[in-house]
Amino acid sequence: MPKIALAEFNGAATAVHPKLIPDTVGTASRNQRPGRGDLRPWRQPLAVATVPAGRHTMYRMGRDVASDTQYWLSWPGIVHAVRGFVSGDTVERTFYTGDGAPKQTNTSIGLAAPPYPSAYRELGVPAPASALVVTPNNTGEATDTELRYYTYTYVTDLGEESAPAPVSAQVQCKTDDTLAIAGVSPPPAGAYGIDRIRFYRTQSATSGDAEFFFLREEPSTIGSTTDDNRALGEVLPTDGWLMPPATLTGLTAMWNGMAAAINSADGSVRYCVAYKLYAWPVAFETLPPNAKAVALAVYGQRLLVLTTGKPVLVQGSGPDALDEQPLEIAQACVAARSAVGLGHGVAWASPDGLAYFGDGGASLCTIGLLTRDQWAAMNPESITAVNYEGFYFASYLDGEGVRRGFFLDPSNPKGIFFLEQGYEAMFVDEHRDALFVLDGTAVKKWDAGEASMTALFRSKVFAGPERNYSAARVEADAYPVTMHVDVLDLQPAVVAARIEARPDLFTSPATGVLRHTHVVDDRRPFRLPGGVLSRTHQVTLETSNPVQWAMLASSMRELSEEG
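Report on the accompanying structure.

About the thresholds
Residues numbered from 1 in each chain as written. Predicted model: local features only at pLDDT ≥ 70, side-chain atom pairs only at ≥ 80, totals over all residues. Heavy atoms only, no water. Helix = DSSP H or I, 4+ residues; strand = E, 2+ residues; numbered from the N terminus. Rg over C-alpha atoms; globule rule 2.2 N^0.38 Å. Buried < 20%, exposed > 50% of the residue type's maximum accessible area, 1.4 Å probe, protein only. Contact = heavy atoms within 4.5 Å. Salt bridge = Lys/Arg side-chain N within 4 Å of Asp/Glu carboxyl O. Pairing = 2+ DSSP bridges. Axes fitted to C-alpha atoms, helices over the stretch in contact; angles between N-to-C directions. Core = buried A, V, L, I, M, F, W, Y, C linked by side-chain atoms within 4.5 Å. Phe/Tyr/Trp six-rings, centres within 6.5 Å; stacked < 30°, edge-to-face > 60°. Polar contact = N/O pair within 3.5 Å; in protein donor to acceptor, adjacent residues only side chain to side chain. Disulfide = S-S within 2.5 Å.

**Details of the overall build of the protein chain**
Helix and strand counts for the protein chain come out as four helices and 45 strands. Since a compact globule built from 563 residues should have a radius of gyration of about 24 Å, the 32 Å found for the protein chain marks it as more spread out than a globular shape. Overall size of the protein chain, expressed as C-alpha extent along the three principal axes, is 120 × 50 × 35 Å. Across the 563 residues that make up the protein chain, the buried fraction comes to 52%. For the protein chain, restricting intrachain contacts to residue pairs at least 6 apart in sequence, the fraction spanning at least 24 positions comes to 61%.

**With respect to the pattern of salt bridges**
Close approach of charged atoms lets side chains of opposite charge pair. In total, this model carries 35 salt bridges according to the counting rule given. The residue arginine 93 makes a salt bridge to glutamate 160 at a minimum N-O spacing of 2.2 Å. Linking arginine 93 in the loop between strand S6 (80-83) and strand S7 (94-97) with glutamate 160 in the loop between strand S12 (150-156) and strand S13 (171-174), this pair joins segments that are 67 residues apart in sequence. Overall, the relative accessible area of 2% leaves glutamate 160 in the buried class. As a salt-bridge pair, glutamate 424 and arginine 403 come within 3.4 Å of each other at their nearest N and O atoms. Note that glutamate 424 is positioned in the loop between strand S33 (417-419) and strand S34 (425-429) and arginine 403 in strand S32 (residues 403-408), a separation of 21 residues in sequence. Given the relative accessible area of 15%, arginine 403 is considered buried. Counted as one network, the salt bridges with shared partners bring together Glu161, Asp195, Arg196, Arg198 and Glu217.

**Quick word on the sheet that holds strand S17 (residues 225-227)**
Ordered in space as S10-S14-S17, the three strands form an open sheet in which the pairing is antiparallel. Of all strands in the sheet, those bounded by a partner on one side alone are strand S10 (133-136) and S17. The mean angle between the axes of side-by-side strands here comes to 25 degrees, regardless of whether they run parallel or antiparallel. Pairing analysis gives three bridges linking strand S14 (residues 179-182) to S17, with the strands arranged antiparallel. Within S17, the position partnered with alanine 180 by the bridge is threonine 226.

**A short note on the sheet that holds strand S18 (residues 248-253)**
Across the sheet, four strands lie side by side as S18-S19-S20-S21; this open sheet has antiparallel pairing. The sheet is open, and its two borders are formed by S18 and strand S21 (285-286), each paired with just one other strand. Direction of pairing for strand S20 (residues 268-271) relative to S21: antiparallel, over a ladder of two bridges. When the bridges of S21 are listed, arginine 270 appears paired with glutamate 285.

**Let's talk about the nonpolar core**
Soluble globular proteins tend to bury their nonpolar side chains together. By size, the foremost hydrophobic cluster in this structure holds 46 residues, and its most contacted members are Leu132, Tyr152, Phe199, Tyr271, Trp280, Leu303 and Val305. Of the residues forming this core, the biggest block, four residues, is contributed by strand S19 (residues 259-263). Judged by nonpolar contacts, the second largest core, of 24 residues, contains Val25, Leu342, Leu369 and Tyr396.

**Quick word on the pairing of S12**
In terms of residue burial, S12 counts as a mostly covered element, since seven of its seven residues are buried. The two faces of S12 match: Tyr150, Tyr152, Tyr154 and Thr156 on one face and Thr151, Thr153 and Val155 on the other face are all buried. Taken together, the seven bridges between S12 and strand S15 (residues 194-201) define a ladder with antiparallel strand orientation. When the bridges of S15 are listed, tyrosine 152 appears paired with phenylalanine 199.

**Here we look at the environment of phenylalanine 457**
The residue phenylalanine 457 is located in strand S37 (residues 455-458) in this model. Along the sequence, phenylalanine 457 and glycine 26 sit 431 residues apart, while their C-alpha atoms lie 6.6 Å from each other. The residues touching phenylalanine 457, leaving out its near neighbours within four places in the chain, are Phe9, Asn10, Gly11, Thr24, Val25, Gly26, Ala28, Gln32, Leu39, Val539, Thr540 and Leu541.

**A word on the packing of aromatic side chains**
In this structure the tally under the stated criterion is 21 aromatic pairs. Between tryptophan 241 and tyrosine 278, the ring centres sit 6.3 Å apart and the planes meet at 70 degrees, which makes this aromatic pair edge-to-face. Residue tryptophan 241 is found in the loop between S17 and S18, and its partner tyrosine 278 is found in the loop between S20 and S21; the two are separated by 37 residues along the sequence. With a centroid separation of 4.2 Å and an interplanar angle of 10 degrees, the aromatic rings of phenylalanine 393 and phenylalanine 407 are classed as stacked. Of this pair, phenylalanine 393 sits in strand S31 (residues 391-397) while phenylalanine 407 is found in strand S32, placing the two residues 14 residues apart along the sequence.

**Some points on the pairing of S14**
Only one face of S14 is covered, namely the one carrying Leu179 and Ile181; the face carrying Ala180 and Ala182 has none of its residues buried. As judged from the four bridges shared by S10 and S14, these two strands associate in the antiparallel manner. Within S14, the residue paired with valine 134 across the bridge is isoleucine 181.

**Some remarks on the side chain of threonine 307**
By the element assignment, threonine 307 lies in strand S23 (residues 302-307). Threonine 307 sits in the buried class, given a relative accessible area of 1%. Polar contacts involving the side chain of threonine 307 include one to the main-chain amide nitrogen of glycine 309, which spans 2.8 Å. The contact partners of threonine 307, leaving out residues within four places of it in the chain, are Pro288, Ala291, Lys292, Ala293, Val294, Ala332 and Cys333.

**Some remarks on the state of the cysteines**
Taken as a whole and judged by the stated rule, the model has zero disulfides. Sulfur of cysteine 333: no disulfide; nearest cysteine sulfur belongs to cysteine 365 and is 13 Å away. A relative accessible area of 3% places cysteine 365 in the buried class.

**Focus: unusual backbone geometry**
Looking along the chain, the bond that leaves tyrosine 116 and enters proline 117 is cis, with omega of 0 degrees. Tracing the sequence through the fold places proline 117 in the loop between helix H1 (107-110) and strand S9 (121-122). Residue proline 480 is reached from tyrosine 479 by a cis peptide bond, and omega for that bond is 10 degrees. One non-glycine residue, asparagine 256, adopts positive backbone phi at about 55 degrees.

**Observations concerning the side chain of threonine 151**
Structurally, threonine 151 is set in strand S12. Looking at threonine 151, the relative accessible area reads 1%, which means it is buried. In terms of polar contacts, threonine 151 uses its side chain to reach the backbone carbonyl oxygen of alanine 165, at 2.8 Å. If we ignore the near neighbours within four places in the chain, the residues touching threonine 151 are Leu132, Pro164, Ala165, Pro166, Arg198, Phe199, Tyr200, Phe212 and Leu236.

**Brief notes about the environment of serine 130**
With respect to the element layout, serine 130 can be found in the loop between S9 and S10. Accessibility expressed as a relative area gives 27% for serine 130, which makes it partly exposed. Along the sequence, serine 130 and glycine 415 sit 285 residues apart, while their C-alpha atoms lie 63 Å from each other. Serine 130 has contacts with Tyr152, Ala165, Pro166, Gly183 and Ser185, leaving out every residue within four places of it along the chain. Side chain to side chain, serine 130 and serine 185 meet in a polar contact 2.3 Å long.

Laid out in structure tokens, this is it:
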């Protein structure tokens, strides 16, 4: 007669009848670390820092230094932060959206004192509001004249340059004349760091559409200057370089120095000038057809725009050369923080389950694992997730408003691995390959504590001819391991009689179920209570130590015959 052998522990599946799932998949998995095949508990997370109460996003700055404790930026809202792309940056310029208008900070101003960031700048450089007033001095001696136009820009102490001011009125002058430049608008109030003004003019033109060339640079305090007919420099580079809209959210690093974000005002996607995260031209935009963008995620050199309808795939070498491909995938994104890039693809929460699109096409990862109703009961709108060691690690609010969690491998979704506790915020430090979670005000390093969690695995329902399992064995790294053996589908009177006769051996967790619990102290075989026949049995293991396998047989001899 067949034994019950639990030799792999591949998470849980509850969408299929418990008698029909594979022997290696269970009906429950809790606090189990995936990826090793055995029943291995996670270690408890280790507290390393604190942030103020009520925070929903955290981000570690100072990542060039190997530290778990410094420096933790946090915000009460949903913030997306991106480190700047310029090599040799010694102050770790960091850009973020979601905390009002887009902002930037760095180690010099942002880490002055906790809570971090202690200071920031508004992202972008506002363009001058008024046109210059230019007047020829009529001091030239040339007989030839030309038409000129003038403009100017603001420049910050970081070298960021604004879009140009409105073009001046047409000026006709001798080719060797000097001109008085007035009407300079003072820089606006705000934390922009503007300290210079650059002046530009055309060389020779008949309209205001000609190219502008660098004329001179002056301190931002001046109100006027002169065109002294000096040699002109480079072409104005910032035409159309607008400030980011105040309604930008979901800032996402791409490739080749690009970044994308969602304009929540209209559901479009905007892109910055390459390596210039302060400049967001209107021309660099994606408009999802018949939908609004909800979330962005990158895999390889592809950006997946997740929407209230079908996703859009974006590819290209630069923000002015992006190709947009609407995908025929009817899976809307219901939670912006659920979208996660996994290297080979992107996973996100949809109304039907955990959706995925990648190199192999589209799929629904939770098919066969969770029914649509079971997924809905997990409140997918509440999901926040990260990519941890190739697994989709998500936290969600259950029906009672308690944060829970789960792990799932979208590339091979054999089972789902639930966590007893979830977290409001998570952060993956890619430089150190470490995951941090936010538990109240405590920042904790994942799987780093001394003590282990208690992992639980409940098997499928094993069905066959009537039999009694009277012997068992558990192979583990260390002990104790708790085993629950459930005899199912019994008459309630039979269950009641057995418990009345031996309350020290039996309990009943549900109607028609007789349970025996045994605390296993070592790897030697042990006996189970006999005398109860049934066609259906189920086994549950609880452990703080890695378990390789467990086996049940009808006798000690049968157990020893195959190890």
